[in-house]
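Listed here are the chains, written in short residue letters.
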Amino acid sequence: MNVSDFKFRLMVCCALAAMLAVLAIPSSLAAQTNQTELVQRIKELEQQLAALSAAAAAAEPAAVAQPAPAVAQAAGQRGGNAPAGQAAPAAGQRGAPAAPPAQNPPMQMPMPAPNTGPLNPENTPPDSTNPQDLLDRIKTLEQRIRDLETGTVLSDPETRVRKVEVYVDPDGTIHDQPTPGAKKETTYQRERVYRRQTINEKIEEALADAEEHNVKVGVDAGIVAQYAHRTQGDPTPGDGHAYELVSADLFFTAGIAQHTLFFADIVGLSGPNPEGELQVLTLVNGYSARLVSQNDISLREAWLRTELFGQKLGLTAGRLDLTNYFDHNMAANDETTQFLSDALVNNPALGLSTNGSGLALVYDPKNGFTFKVGLQQSKTEAKSLSESMFTLGEIGYLARIPGLSEGNYRVWYRTDNGDPGTGYRIAYGTSIDQKLRPGLTLFARYGASQAEVKRDHFYSGGLQFDNGLGIFPGDAWGVGYGQNDFQVGGKERLIEGYYRFNLTEKLNLSFHVQHFWELLEGGGKLGYLIPGVRLQASF
Amino acid sequence: MFKAKRIIKTSGFIAAVLGMGATLMSLLPAPTSLAAQAQAPAQAPAPIKVPDPTKVVMIVNRDSNDIAFMDVNTKKVVGSTFLGNNVNPHMVMMSPDGRYVVTGGTRANKAYIIDSRTLQLVKVIPTDLGPEHLSFSPDSRWYYQGNPDGDSISVIDMQSLSKIKTISGLAEPLNITFTADGSKAYVGNYGAHWVGVIDVRRHELLKKIQIGNVPGVAKLDPERYLGEIKGINIAAPSVDGRYLYAADSDLAVVGVIDTQTDKVIKTIRVGKDPWRIYMNHDGKYAITANNGDETISIIDLKKNEVAATLEAGPDMTGVNFAAGKAFVISSTSGFVYVYNMSSLRPAGRIRLGTNVNLETATTDPSDQKLYLAESTTNEVVIIDARTEQIERVANVGLFPWGTHIMDSKDNYCH
């Protein structure tokens, strides 16, 4: 080898060395970057694991609280956050020392990570720079998090029963897809899913399920106190007298089949009612319509309701009050929360005086039209269904007149054989409630019923204010007027105003003022001013 | 010799270039699992499963813990992204730029970022407790993940795909709405009666806007107001973005907020227990689903008052608008109630089944079809808005909880 050749070789070697050095710089930089990321990732995972462990420990205090500190003691601070059920065996598997359970466990909180413990079971020093060590730790931590997330659930995996459609061939083999010769059948099958639910969710679910399958009981109680002051006419027995009627309705509702409901309403009434003394043509207190006899409990309604044809047709049968289905009105149809005067609760022309056996069909395609047909006996002492049978039909329409809000318009027609010897009599009427603006509803009724001579006529109307147009948001108030023009027995005019305080969701207090003018058949006149208070609770 | 020197210089230059290249390569963003990367050999690029992200319906499957992607034309599931056991994803949304799909895993306390074309899980980011509803800033930069159980919002930077901040001080944040310019975000707090205003530049809670007063009679009814608070469930923007409509369940009101002044200009009383407010696409009306009295209140947005209150069904979960109609989902009844938005009258109801649970739906951008998740039979029901005919797509995943289409005007969640 000559000198020049040696020099050449030396230069080549130097160049190669320089090349290797240049190549080594970036790779060492990359390695450092990777190590930083790995360490960062480990820290993130440790934090995540600690948080999960703490959450699991908080969720299962009885099972977790005691052993966890033991792990903490044995494995150092880092182990304090791991749930015992998970951490102890894992620590055992990984060689971590076991420790006896400690007493009076402290609150489980995330703590700084030392060298060993459930969060670092492989005992890798935190300052290890060996990439493989770091990768192993990441892998272990990821696995532990996965295990913790999967195993330490706050509830069992969700199990539910599903309806499935399968195809069964003549041999009884089940196919998921249509198969020649196989018949489509519906069956039920359990499935389990990974839905983690909190204890609260499970409890709520169980309560809702129990409620759904139980008989629901409701109460609607009312106390109405009134005072009558004669304003016109000759002295009458009721002048200056006070009255109080107490009513309690007990409802039972139970879902007994698909879209089928049983309902019963038992009512008890007690106390003197104004109609006993005052010479009025319609009831001063609508509650009195329920009164069969004082201090007795009576079955007011008991019926079964089912829904047919895609739930468009509702069929109700049993002991009914057909006024619950016909002659509805949004503003004047409920003596427990709206007007007290019976003439502002239902149309007297309907003629239904007592509840009885009956049937109601309601067809509601949910397009704004409703069609109703019903029949009901309205005589307590009837000996057969041929007596005092009322038949009703009604068409309802939800309209929206330009410039106004929605309104309900109903017309009805009825026949009855309530009066023996007079054959069937007819009546017809209408009931309207039209929202003029939000919170302001105009209502009106008209009815005509066949009388012994010509027809009796009835008119009523008024306004209801609600939806924030009172003192408190849930309050409502209204004014109404009613007029009964009977062909026989006199005529009647009445006005009523009320204000209802919505004290709570279950409690209402309302103040009423009524005035009745009675035009007696002989030409005399009577007037009564009747202030009153109603306390109503439903729950 | 000269030749040798030139070779050495050339070799050194090449080595330097290679070294720099290697350094640059090492500085590229790390993938999801570093351990997996270290062990797996170099992989071919993931195949494109969704060429056009605007043409898929995203389905959140709560019990199979995945996001399924259904092609709107073929009505077939083209792929799904498994998130992990017990993740229980709640809501899914695609970023406005169509690049990513994100969801919050309610029981995993994590946010999941999916590539919208390859459907690969790109990143999993720890959040606060119980992530549910979420929103994107209009420029797709920020992904706000609401954590109702943690009373916070996790701010995720979609450029670095990392969580940069947790905004605390909220009370069960149930809904997040960005302004059109992306400068502010409004948060409906279900655990309170105020709307939070967030400065998106600093990601800080700027202001609390009270929607309504708790009535004075609350003292007599402590159970109602102290037992469980059901406050503001949404602050939905008007179509022009000028106003926000915030529905408060307990107070049964909708507060109208001027987004320029951040003041309540009107409070509209609606039915009991309103569950959110949904904007008709023409900007004339909005609907609240009042689960307390099973009605809907149709609000005239010009007058800011209730134009009609109509009967509806139980357990309403959402309202979609298409073909001039409103479709109100009644979860437990199995019906979708239909309303004519011209006459503001009921227009029938569509029966989707018995003993089924309807969840939420999205409407396609052309306002022709609804894609409704039905969790009992694991289906998505497609409703033709004009004819009201239905078509069922079975086996989309376990317990489909909600659907989402990019650019749909009806993207919402429970």
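Note that this is a predicted model, so its numbers are computed, not measured. Numbering of residues starts from 1 in every chain and runs along the sequence as written. Each chain gets a letter, beginning with A, and each ligand a number, beginning with 1, in the order they are written. Where local features are concerned, this predicted model is filtered to residues with pLDDT of at least 70; where side-chain atom pairs are given and counted, the filter is 80 or more; whole-chain, interface and lining totals use all residues.

Novice: Just to check I follow, could you spell out the overall build of chain A for this structure?
Specialist: The helix and strand tally for chain A stands at 6 helices and 20 strands. Any residue whose C-beta has 12 or fewer other C-beta atoms within 10 Å is treated as exposed, any with 20 or more as buried, and any in between as partly exposed, C-beta atoms being built from the backbone. Looking at the 539 residues of chain A, the share that counts as buried comes to 35%. Across chain A, every contact between residues at least 6 apart in sequence was considered, and the portion connecting residues at least 24 apart equals 58%. In this text, helices come from DSSP runs of H or I with a minimum length of four residues, and strands from runs of E with a minimum of two, each type numbered from the N-terminal end. By the convention adopted here, residues make contact when the C-beta atoms placed from their backbones lie within 7 Å.

Novice: Could you clarify how one ought to interpret the overall build of chain B in this entry?
Specialist: When you go through chain B residue by residue, the secondary structure sums to 3 helices and 32 strands. For chain B, the proportion of its 414 residues judged to be buried stands at 53%. Residue pairs at least 24 apart in sequence account for 44% of intrachain contacts in chain B once pairs closer than 6 positions are excluded.

Novice: Mind showing me how you'd approach the domain arrangement of chain A here?
Specialist: It is common to give the size of an interface as the accessible area lost on bringing the parts into contact. For chain A, the assigned domains are domain 1 (29-98 + 114-151), domain 2 (158-203) and domain 3 (215-538). Start and end positions for the domains come from either an automated domain assignment or a database one. Distance from the C-alpha centre of domain 2 of chain A to the C-alpha centre of domain 3 of chain A: 50 Å.

Novice: I tried to follow the sheet that holds strand β11 (residues 162-167) of chain B on my own but got confused; where do I start?
Specialist: Each strand in a sheet pairs with another by means of backbone hydrogen bonds, the pair being arranged parallel or else antiparallel. Residue and element names in this part refer to chain B. Paired strands, as defined in this entry, are two strands with at least two bridges between them according to DSSP. A sheet is described by the order of its strands in space; here 4 strands give the open sequence β8-β9-β10-β11, paired in antiparallel fashion. The strands lining the two open edges of the sheet, one partner per strand, are β8 (134-136) and β11. Mean inter-strand twist for the sheet, computed between neighbouring axes without regard to direction, equals 20 degrees. Pairing analysis gives 5 bridges linking strand β10 (residues 152-157) to β11, with the strands arranged antiparallel. Considered in β11, the bridge of D157 is made with S162. In this analysis an axis means a line fitted to C-alpha atoms, helices contributing only their contacting stretch, and an angle means the value between N-to-C directions, from 0 to 180 degrees.

Novice: Whenever I open this one, the pairing of strand β18 (residues 491-502) of chain A confuses me. Can you help?
Specialist: Successive side chains on a regular strand alternate, one facing one side of the sheet and the next facing the other. Residues and elements named next belong to chain A. Judged by which residues are buried, β18 turns out to be one-sided: E492, L494, E496, Y498, R500 and N502 face inward and are buried, whereas K491, R493, I495, G497, Y499 and F501, on the alternate face, are not. Examined bridge by bridge, strand β17 (residues 476-485) and β18 share 10 bridges and lie antiparallel to one another. Of the residues in β18, the one forming a bridge with V479 is G497. Summarising the sheet, β18 and strand β19 (residues 507-519) pair through 12 bridges and their orientation is antiparallel. Within β19, the position partnered with E496 by the bridge is Q514. In textbook terms, the turn of a hairpin is the stretch between consecutive antiparallel strands, and for β18 and β19 this stretch comprises 4 residues.

Novice: Any chance you could explain the nonpolar core here in plain terms?
Specialist: When a protein is soluble and globular, its nonpolar side chains tend to lie buried together. Structurally, a nonpolar core is described as a collection of buried Ala, Val, Leu, Ile, Met, Phe, Trp, Tyr and Cys residues joined by way of C-beta atoms within 7 Å. Core analysis: the largest hydrophobic core is formed by 121 residues, its most contacted members being A246, V328 and V380 of chain B. Formed by 28 residues, the second largest nonpolar core is a distinct cluster that contains A228, L269, L344 and L526 of chain A.

Novice: Would you explain helix α6 (residues 199-213) of chain A in this entry?
Specialist: An ideal rise of 1.5 Å per residue puts 21 Å on 15 residues; α6 of chain A measures up with 21 Å between its terminal C-alpha atoms. In terms of burial, α6 of chain A is largely open, as just 0 of its 15 residues are buried. Here the expected span of a helix is defined as 1.5 Å times the quantity of residues minus one.

Novice: I keep staring at the sheet that holds strand β4 (residues 89-94) of chain B and nothing clicks. Help me out?
Specialist: Residue and element names in this part refer to chain B. The 4 strands lie next to each other as β4-β5-β6-β7, forming an open sheet whose pairing is antiparallel. One side of each edge strand has no neighbouring strand; the edge strands of this open sheet are β4 and β7 (121-126). The average angle at which neighbouring strand axes cross in this sheet is 20 degrees, direction not considered. The pairing of strand β5 (residues 100-105) with strand β6 (residues 110-115) spans 6 bridges and is antiparallel. If you follow G105 over to β6, its bridge partner there is K110.

Novice: Where do I start with the confidence of the model for chain B in this structure?
Specialist: Parts of the prediction with low pLDDT should not have their coordinates interpreted in detail. Mean pLDDT over chain B: 89, with 89% of residues reaching 70 or higher. Counted against residues more than four places away or in other chains, residues 15-40 of chain B, with its pLDDT under 50, gives 38 contacts. Every residue gets a pLDDT, meaning the predictor's confidence in that residue, from 0 to 100.

Novice: Honestly, the environment of G396 of chain A in this entry has me stumped. Any pointers?
Specialist: All names here are of chain A. Inspection of the secondary structure puts G396 in strand β12 (residues 389-400). Counting along the chain gives 28 residues from G396 to G368, while the straight-line C-alpha distance between them is 7.8 Å. In contact with G396, other than residues within four places in its own chain, are F369, T370, N408 and R410.

Novice: Just to check I follow, could you spell out the pairing of strand β8 (residues 297-308) of chain A for this structure?
Specialist: Residue and element names in this part refer to chain A. Examined bridge by bridge, strand β7 (residues 260-270) and β8 share 9 bridges and lie antiparallel to one another. The residue bridging F263 from the neighbouring strand is W303, located in β8. Sheet topology places β8 next to strand β9 (residues 313-320); 7 bridges connect them, and they run antiparallel. Opposite W303, over in β9, you have G318 as the bridge partner. What sits between the antiparallel neighbours β8 and β9 is a turn of 4 residues, in which F309 has the positive phi angle 50 degrees.

Novice: What should I look at first to understand the environment of F390 of chain A in this one?
Specialist: All names here are of chain A. Within the secondary structure, F390 is located in strand β12. Along the primary structure F390 and L141 are separated by 249 residues, whereas in three dimensions their C-alpha atoms are 79 Å apart. When near neighbours in sequence (up to four residues on either side) are disregarded, F390 contacts L322, G351, L352, L375, Q376, S378, R414 and D416.

Novice: Hey, could you run me through unusual backbone geometry in this one?
Specialist: Phi is mostly negative for residues that are not glycine, and the peptide bonds are mostly trans. Residues and elements named next belong to chain A. For S388, which is not glycine, the phi dihedral falls at a positive 45 degrees. Judged by local crowding, S388 falls into the buried class, with 23 C-beta atoms found within 10 Å. Here the phi dihedral of N467 falls at roughly 55 degrees; this positive angle occurs in a residue that is not glycine. The topology assignment puts N467 in the loop between β16 (455-465) and β17.

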